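Chains, contacts and geometry: an overview
As a plain string of letters, each chain reads:
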Amino acid sequence: DGVDGESVDFWRTALTQQDAVVRVVGPRLGTVATIAGEGLAVDGTAETMPSVLFDAVVIPGGEDAAAAMAAMGQLREFIRDQYRHAKPMLAAGAGAAVLVAAGIPATLPDGEPDPGLIVVGDR
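Residues numbered from 1 in each chain as written. Predicted model: local features only at pLDDT ≥ 70, side-chain atom pairs only at ≥ 80, totals over all residues. Heavy atoms only, no water.

1. Let's talk about the packing of aromatic side chains
All told, the structure shown has two aromatic pairs when counted by the stated rule. With 4.9 Å between their ring centres and 90° between their planes, Phe-10 and Trp-11 make a pair best called edge-to-face. Judged by its relative accessible area of 17%, Trp-11 is buried. (Phe/Tyr/Trp six-rings, centres within 6.5 Å; stacked < 30°, edge-to-face > 60°. Buried < 20%, exposed > 50% of the residue type's maximum accessible area, 1.4 Å probe, protein only.)

Shown next as structure tokens:
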């Protein structure tokens, strides 16, 4: 709960326009509440949908949602698996804290920025 629904809508629209198939992964099946109090349908959970099934991941903003995601062991492992499989990841706003909680380094071993990690503002 507390996810930035506008961020989810923005990235869902942008990716769908590029023919991506977007799935919302959450802490439980059903719905989660956005910052605006609206319901956001969840397609699957980090516990039941292995990250290897996904080509990329977007971690949306929302302070409360980011804190909850960062505290979830299954979600941290989902993110780590994405990283281990060299899958691109985008974190928007507070979603960047989830990368930190999962122990994802911002740079490659040689100190260069990781081109597979994109961190953007609140959008």
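2. A look at the nonpolar core
In terms of nonpolar packing, the biggest core is built from 26 residues, with Ile-59, Phe-78, Ile-79, Met-89, Leu-99 and Ile-104 touching the most fellow members. For this core, the secondary structure elements donating two or more residues are strand E3 (39-42), strand E5 (57-59), helix H2 (63-71), helix H3 (73-84), strand E6 (89-92) and helix H4 (96-101). (Core = buried A, V, L, I, M, F, W, Y, C linked by side-chain atoms within 4.5 Å. Helix = DSSP H or I, 4+ residues; strand = E, 2+ residues; numbered from the N terminus.)

3. As for H3
With 12 residues, H3 should reach 16 Å at 1.5 Å per residue; the first-to-last C-alpha distance of 16 Å fits that figure. Looking at H3, one finds that the buried residues are Leu-75, Phe-78, Ile-79 and Gln-82. End-on, the buried residues of H3 take up no more than an arc of 95°, which puts them together on one face. (Expected span 1.5 Å × (residues − 1). Arc of directions from axis to C-beta.)

4. Some remarks on the pairing of strand E7 (residues 117-120)
Pairing geometry for E6 and E7, over four bridges, is parallel. When the sheet's bridge partners are listed, Leu-90 is paired in E7 with Ile-118. This β-α-β element, E6 to H4 to E7, shows right-handed connectivity. (Pairing = 2+ DSSP bridges. Right-handed = clockwise from strand over helix to strand, strands pointing away.)

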